[in-house]
Amino acid sequence: MFIKHPDKLRELWQDRAVPIRVAVETGTFRGVSASTLSPAVDVWHTIDINPGCTALARKRCDAAGITNVRFHVGDSRKVLPRLLYKIQAPCLIMLDAHFSKVRRKLTPDEPDLVHDPHGADFPLLAELEIVAARPFADIILVDDTELFGKVRPDLRARDAQGNIIDNSPQWESMTKDKVAKALGRIKASWDLQGTTVYMRSADTEVI
């Protein structure tokens, strides 16, 4: 993540009449973003399909004395709608769950993820559809956009022998413009070190 300090994150909404108080993150991984940036908001929700990632992130937050992070284990396409339905105000939404195709254990006892050969474990498109349905002027951060449109065989799922088992070019066929089109109502967007920030208008607001 390009932002390393909660004060820098707050700058994204410092000129707003209504500040952002809740953040929702997909792709907890090791919990670096949650432990570092959660002081910028009242509540930080983070979602990961891998219980091992959640356990490591929880330990990181506990060690740092962070108490406002809420951990959710599950598929972001199922957890995200339930969470966002409860947030009836503009919020920060960080989408970074799209490394799930890579087989990499963080601990020996961590469960394997079940790979979907049809690309369902690249949840970004479904996440964007969920976010697009919200009527609020949310701030959306999509990580790794600098990798979109590039050939990345290293991000393709492989079996135990190292053979590629999914040739669908999920990353290669994605672009920042596709993200913007999927979200809709984009007032402004800009790139910062591999992450793209999208500012949406409310559905009652004229762009």
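Residues numbered from 1 in each chain as written. Predicted model: local features only at pLDDT ≥ 70, side-chain atom pairs only at ≥ 80, totals over all residues. Heavy atoms only, no water.

Visitor: Would you explain the overall build of the protein in this entry?
Guide: The helix and strand inventory of the protein stands at 6 helices and 7 strands. Its helices and strands in sequence order give the protein the pattern α-β-α-β-α-β-α-β-α-β-α-β-β, from N to C terminus. A burial count over the protein gives 46% of its 207 residues as buried. A separation threshold of at least 6 residues defines the contact pool for the protein, and within that pool the share at least 24 residues apart is 69%. Of the roughly 10500 Å² of accessible surface on the protein, a fraction of 53% belongs to carbon and sulfur atoms. (Helix = DSSP H or I, 4+ residues; strand = E, 2+ residues; numbered from the N terminus. Buried < 20%, exposed > 50% of the residue type's maximum accessible area, 1.4 Å probe, protein only. Contact = heavy atoms within 4.5 Å. Areas by Shrake-Rupley, 256 points an atom, 1.4 Å probe, with all protein chains shown as cover.)

Visitor: Explain the nonpolar core to me, please; I cannot follow it from the model alone.
Guide: Note on soluble globular proteins: their nonpolar side chains tend to be buried together. Counting 25 residues, the largest nonpolar core has Leu84, Leu124, Ile140, Val142 and Val179 as its most contacted members. Where this core is concerned, the elements lending two or more residues are strand E1 (22–26), helix H4 (76–86), strand E4 (92–95), helix H5 (124–132), strand E5 (139–142) and helix H6 (176–183). Setting aside anything within four residues of it in sequence, one finds Val179 in contact with Leu124, Leu128, Val142, Phe148, Met174 and Tyr198. (Core = buried A, V, L, I, M, F, W, Y, C linked by side-chain atoms within 4.5 Å.)

Visitor: What should I look at first to understand the pattern of salt bridges in this one?
Guide: Opposite charge on two side chains permits them to pair, given that their charged atoms come into close proximity. In the structure shown here, the tally under the stated rule is 6 salt bridges. We note a salt bridge from Asp75 to Arg77, for which the minimum N-O separation is 2.4 Å. The exposure class assigned to Arg77 is partly exposed, which follows from its relative accessible area of 29%. For Asp191, the salt bridge goes to Lys176, with nearest N and O atoms at 2.8 Å. Placement of Asp191 in strand E6 (residues 186–192) and of Lys176 in helix H6 is noted, with a sequence separation of 15 residues between them. (Salt bridge = Lys/Arg side-chain N within 4 Å of Asp/Glu carboxyl O.)

Visitor: Help me understand the side chain of Asn68, please; the structure alone is not making it clear to me.
Guide: Along the chain, Asn68 falls in the loop between helix H3 (51–64) and strand E3 (69–73). A distance of 2.9 Å separates a polar side-chain atom of Asn68 from the backbone oxygen of Ser38. For Asn68, the side chain forms a polar contact with the main-chain oxygen of Asp42, separated by 3.3 Å. Excluding residues that lie within four positions of it along the chain, Asn68 makes contacts with Ser38, Pro39, Val41, Asp42, Val43 and Trp44. (Polar contact = N/O pair within 3.5 Å; in protein donor to acceptor, adjacent residues only side chain to side chain.)

Visitor: Any chance you could explain the confidence of the model for the protein here in plain terms?
Guide: Mean pLDDT over the protein: 87, with 82% of residues reaching 70 or higher. Looking across the protein, the model is least confident in H3, with a mean pLDDT of 92, and most confident in E1, with 98. (pLDDT = per-residue confidence, 0-100.)

Visitor: Help me understand unusual backbone geometry, please; the structure alone is not making it clear to me.
Guide: The phi torsion of most residues other than glycine is negative, and most of the peptide bonds are trans. Residue Asp144 is not a glycine yet carries a positive backbone phi of 65 degrees. Along the chain, Asp144 turns up in the loop between E5 and H6. Take Asp144: its relative accessible area is 13%, and that puts it in the buried class. If you check the backbone angles, Arg185 has positive phi at about 55 degrees while not being a glycine. Note that Arg185 resides in the loop between H6 and E6.

Visitor: For this particular structure, what's the right way to read the environment of Gln193?
Guide: Residue placement: Gln193 occurs in the loop between E6 and strand E7 (195–200). Under the relative-accessibility criterion, Gln193 is labelled exposed at 70%. In this structure, the C-alpha to C-alpha distance between Gln193 and Asp143, residues 50 residues apart in sequence, is 9.2 Å.

Visitor: How should I be thinking about H5 in this particular structure?
Guide: Counting along an α-helix, one turn takes 3.6 residues, and residues three or four places apart therefore face a common direction. Among the residues of H5, those classed as buried are Leu124, Glu127, Leu128, Ile130 and Val131. Looking straight down H5, one finds its buried side chains confined to an arc of 160 degrees; they lie on one side. Looking at the buried side of H5, the elements it contacts are E1, H4, E4, E5, H6 and E7. (Arc of directions from axis to C-beta.)

Visitor: Even after reading the chapter, I still don't get the sheet that holds E1, so can you show me in this structure?
Guide: Where strands meet in a sheet, backbone hydrogen bonds hold them as pairs that are either parallel or antiparallel. Read across the sheet, 7 strands follow the order E3-E2-E1-E4-E5-E7-E6 without closing on themselves; strand pairing throughout is mixed. Each having just a single partner strand, E3 and E6 make up the two edges of the open sheet. This sheet shows a mean twist of 15 degrees between the axes of neighbouring strands, independent of strand direction. Where E1 and strand E2 (residues 43–48) come together, 5 bridges link them in parallel fashion. From the neighbouring strand, Thr26 faces E2, where its bridge partner is Ile47. Sitting on the sheet, H6 is in contact with E5, E6 and E7, with an inclination near 25 degrees to E7. (Pairing = 2+ DSSP bridges. Axes fitted to C-alpha atoms, helices over the stretch in contact; angles between N-to-C directions.)

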